[in-house]
Amino acid sequence: MIHPRLDYDFYRRDVLEVCPGLIGKVLVRSYPDGSQFRSRITEVEAYRGEEDLACHAARGKTDRNGIMYGEGGYVYVYLIYGMYWMLNVVTGRADEPQAALIRGLEDVSGPGRLTKKIEIDRSFYGLDLVHSGVLWIENHSLPAEYTTAKRIGIDYAGEWKDKPWRFVMGV
DNA sequence: AACACGATTTCG
DNA sequence: GAAATCGTGTTT
């Protein structure tokens, strides 16, 4: 059974289309010793454009969020609270700064805990998910229902804090 | 050069 | 409820 990688066409759509599509897909982390870690994505959040006050692009392009202004299909990682790396997938087309934050996997809950478990840090910034040998996402064609909810930890985002842009696997 | 703070987690 | 901990963006 072949499990194809998600390709550029998958990522280069609006983040609100990509996020529900990511639920149930399989994140693959390949290590230098040849071993691999696989787990289904169970929770993601959408951050959408400069108008979204919760998005890191809300105050324009910077050194940190620059990758979000490019084409979808690349990795955006950043350090939060001086301790945890957040794993994001850039979506949309160039000059449409969007990203999907991977918040949970079947085997580990929490965006900070999952990056620690599968050893993802700053060195993954800008990684090409379509061609990388260390990190990518596969479609195993498994059924995946999801529900939506408000995004977490963005109470400062005014009217944007209540958008139902968190997607969680389940009914 | 200094300062404020965050898309979190853990412990008390 | 509060601390931990530091890179990044903003202000001085």
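Source: prediction; values computed, not measured.

Notes on the overall build of chain A
Counting secondary structure elements, chain A contains 3 helices and 9 strands. On C-alpha atoms alone, chain A measures out to a radius of gyration of 15 Å, which is about the 16 Å that the 2.2 N^0.38 rule sets for 171 residues. Seen through its principal axes, chain A has C-alpha atoms that stretch 45 × 35 × 30 Å. Taking all 171 residues of chain A together, the buried fraction comes to 50%. Summarising the internal contacts of chain A: among those between residues at least 6 apart in sequence, 61% fall at separations of at least 24. Looking at chain A as shown, the accessible area adds up to about 8,500 Å², and 50% of this sits on carbon and sulfur atoms. Each charge sign in chain A was given a centre, from 22 positive and 24 negative side chains, and these centres are 4 Å apart.

Examining unusual backbone geometry
With phi around 65 degrees, Asp-95 is a residue other than glycine that occupies positive phi space. Along the chain, the position of Asp-95 falls in the loop between β4 (84-90) and β5 (98-105). Positioned with a positive phi, Glu-119 is a non-glycine residue whose angle comes to about 55 degrees. Turning to its location among the elements, Glu-119 is positioned in the loop between α3 (111-117) and β7 (135-138).

Focus on the protein's contact with DNA strand B
The full set close to DNA strand B counts 20 residues, and His-56, Tyr-78, Asn-88, Gly-112 and Tyr-156 are the nearest of them. Near the protein, within 4 Å, the atoms of DNA strand B are sugar or phosphate in 52% of cases. One of the side-chain N or O atoms of Asn-88 is found 2.6 Å from a base nitrogen in DNA strand B. A distance of 3.0 Å separates a phosphate oxygen of DNA strand B from a polar atom in the backbone of Pro-111. Sorting the residues of the surface near DNA strand B by element identifies β3 (75-80), β4, β5 and α3 as the ones contributing at least two each. Considering only residue class, the surface near DNA strand B consists of 12 nonpolar, 6 polar and 2 charged.

Brief notes about a nonpolar patch on the surface
Among the surface-exposed residues, Tyr-81, Met-83 and Tyr-84 lie close enough to one another that they form a single nonpolar patch of about 400 Å² accessible area. Among the secondary structure elements, Tyr-84 is positioned in strand β4.

Side note on the protein's contact with DNA strand C
Around DNA strand C, the surrounding shell consists of Arg-59, Thr-62, Asp-63, Arg-64, Leu-79, Tyr-81, Gly-82, Met-83 and Arg-122. Interatomic distance of 2.2 Å between a side-chain N/O atom of Thr-62 and a phosphate oxygen of DNA strand C.

Some thoughts on the side chain of Arg-40
Here Arg-40 is to be found in strand β2 (residues 36-48). Of the polar contacts made by the side chain of Arg-40, one reaches the backbone oxygen of Gly-24; its length is 3.3 Å. In this structure the side chain of Arg-40 is engaged in a polar contact, spanning 3.0 Å, whose partner is the backbone oxygen of Pro-143.

Cut-offs used in this document
- Residues numbered from 1 in each chain as written.
- Chains lettered and ligands numbered in written order.
- Predicted model: local features only at pLDDT ≥ 70, side-chain atom pairs only at ≥ 80, totals over all residues.
- Heavy atoms only, no water.
- Helix = DSSP H or I, 4+ residues; strand = E, 2+ residues; numbered from the N terminus.
- Rg over C-alpha atoms; globule rule 2.2 N^0.38 Å.
- Buried < 20%, exposed > 50% of the residue type's maximum accessible area, 1.4 Å probe, protein only.
- Contact = heavy atoms within 4.5 Å.
- Areas by Shrake-Rupley, 256 points an atom, 1.4 Å probe, with all protein chains shown as cover.
- Lys, Arg positive; Asp, Glu negative; His and termini not counted.
- Charge placed at Lys NZ, Arg CZ, Asp CG, Glu CD.
- Near = heavy atom within 4 Å.
- Polar contact = N/O pair within 3.5 Å; in protein donor to acceptor, adjacent residues only side chain to side chain.
- Nonpolar A, V, L, I, M, F, W, Y, C, P; charged D, E, K, R; others polar.
- Patch = residues over 30% accessible without salt bridge, like charges linked within 9 Å, V, L, I, M, F, W, Y side chains within 5 Å.
- Salt bridge = Lys/Arg side-chain N within 4 Å of Asp/Glu carboxyl O.

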